[in-house]
Amino acid sequence: QVQLVESGGGLVQTGGSLRLSCAPSGRTLSRNAMGWFRQAPGKEREFVATISWSGINTSYANSVKGRFTISRDNAKNTVYLQMNSLKPEDTAVYYCSSRRSIAAATISTAYDYWGQGTQVTVSS
């Protein structure tokens, strides 16, 4: 069974940066697209960013566009989310996800595997 493990969360001040990492365990040869989602207390889980298997196609939520960058290193089987210019409204648990497709997707129901999440807190 595929498991995803996120890391890199923490506490930062407004305007700061964090880089999240996601590494799968189990089978790693599948050519899966990846995504990042986040969920703040009392709110629905929302799409953040996605990347195709090739890394050529990416998509971002409007709220993070220009500030966040998703990337992947397939040789390391790792996906990253570079978060710059962080705002308090970015505070959430961030989840890494994977789908059994090479194509990027922005809908949570399109994904098959999820990590446990990593907390990102941005203070004013």
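Per chain, the residues get numbers from 1 upward, laid out in the order the sequence is written. Local features in a predicted model are, by the rule used here, given only for residues with pLDDT of at least 70; side-chain atom pairs are given and counted only at 80 or more, and totals for whole chains, interfaces and linings are based on all residues. Excluding hydrogens and water, the side-chain values take into account all heavy atoms of the structure.

Asks: Go over unusual backbone geometry, please, and point to the residues and values.
Replies: A negative phi holds for most residues other than glycine; trans holds for most peptide bonds. Although it is not a glycine, Asn 77 sits at a positive phi angle of roughly 55 degrees. Structurally, Asn 77 can be placed in the loop between β7 (68-73) and β8 (78-83). Positioned with a positive phi, Ser 85 is a non-glycine residue whose angle comes to about 50 degrees. Helix and strand assignments come from DSSP, with helices taken as H or I runs of at least 4 residues and strands as E runs of at least 2, each series counted from the N terminus. Mapping Ser 85 onto the fold places it in the loop between β8 and β9 (92-99).

Asks: Please provide a residue-by-residue account of the packing of aromatic side chains, values included.
Replies: Aromatic rings in a pair are described by how distant their centres are and how their planes are angled relative to each other. Aromatic pairs are defined between Phe, Tyr and Trp rings, using the six-membered ring for Trp, whenever the two ring centres lie within 6.5 Å; interplanar angles under 30 degrees are classed as stacked, those over 60 as edge-to-face, and all others as tilted. Taken as a whole and assessed by the stated rule, the structure comprises four aromatic pairs. Chaining the aromatic ring pairs together yields one cluster made of Phe 37, Phe 47, Tyr 111 and Trp 114. It is Arg 45 that lies over the ring of Tyr 95; its NZ or CZ is 3.8 Å from the centre. Put simply, a charge is over a ring when the Lys NZ or the Arg CZ is close to the ring centre, within 6 Å, and near the line of the ring normal, within 35 degrees. The ring of Trp 114 has Arg 45 sitting right over it, with the charged end atom 4.8 Å from the ring centre.

Asks: An account of the state of the cysteines is needed here, citing residue identities and associated values.
Replies: When the sulfur atoms of two cysteines share a covalent bond, that bond is a disulfide. Any two cysteine sulfur atoms lying within 2.5 Å of each other are counted as a disulfide. Under the definition given, this model contains one disulfide. A disulfide bridge connects Cys 22 with Cys 96, and the sulfur atoms are separated by 1.9 Å. Since a negative S-S torsion denotes a left-handed disulfide, the Cys 22-Cys 96 link at about -80 degrees is left-handed. Pair noted here: Cys 22 is in strand β3 (residues 18-25) and Cys 96 is in strand β9, with a separation of 74 residues, a long-range link. For Cys 22, a relative accessible area of 1% gives the class buried. Taking relative accessible area as the criterion, Cys 96 reaches 0% and is therefore assigned buried. Working definition: with a 1.4 Å probe on protein chains only, accessible area under 20% of the residue-type maximum means buried, over 50% means exposed, and in between means partly exposed.

Asks: Explain the sheet that holds strand β1 (residues 3-7) residue by residue, including any values.
Replies: When DSSP locates at least two bridges between a pair of strands, those strands are taken to pair. Reading across the sheet, the four strands line up as β1-β3-β8-β7 and stay open at both edges, with antiparallel pairing between neighbours. In this open sheet, the two strands that pair with only one neighbour each are β1 and β7. Pairwise comparison of adjacent strand axes, ignoring direction, gives a mean angle of 20 degrees for this sheet. Direction of pairing for β3 relative to β8: antiparallel, over a ladder of five bridges. Counted as the bridge partner of Leu 20 is Leu 81 from β8. Helix axes use the C-alpha atoms of the stretch in contact, all axes being lines fitted to C-alpha atoms, and the angles between their N-to-C directions lie in the range 0 to 180 degrees.

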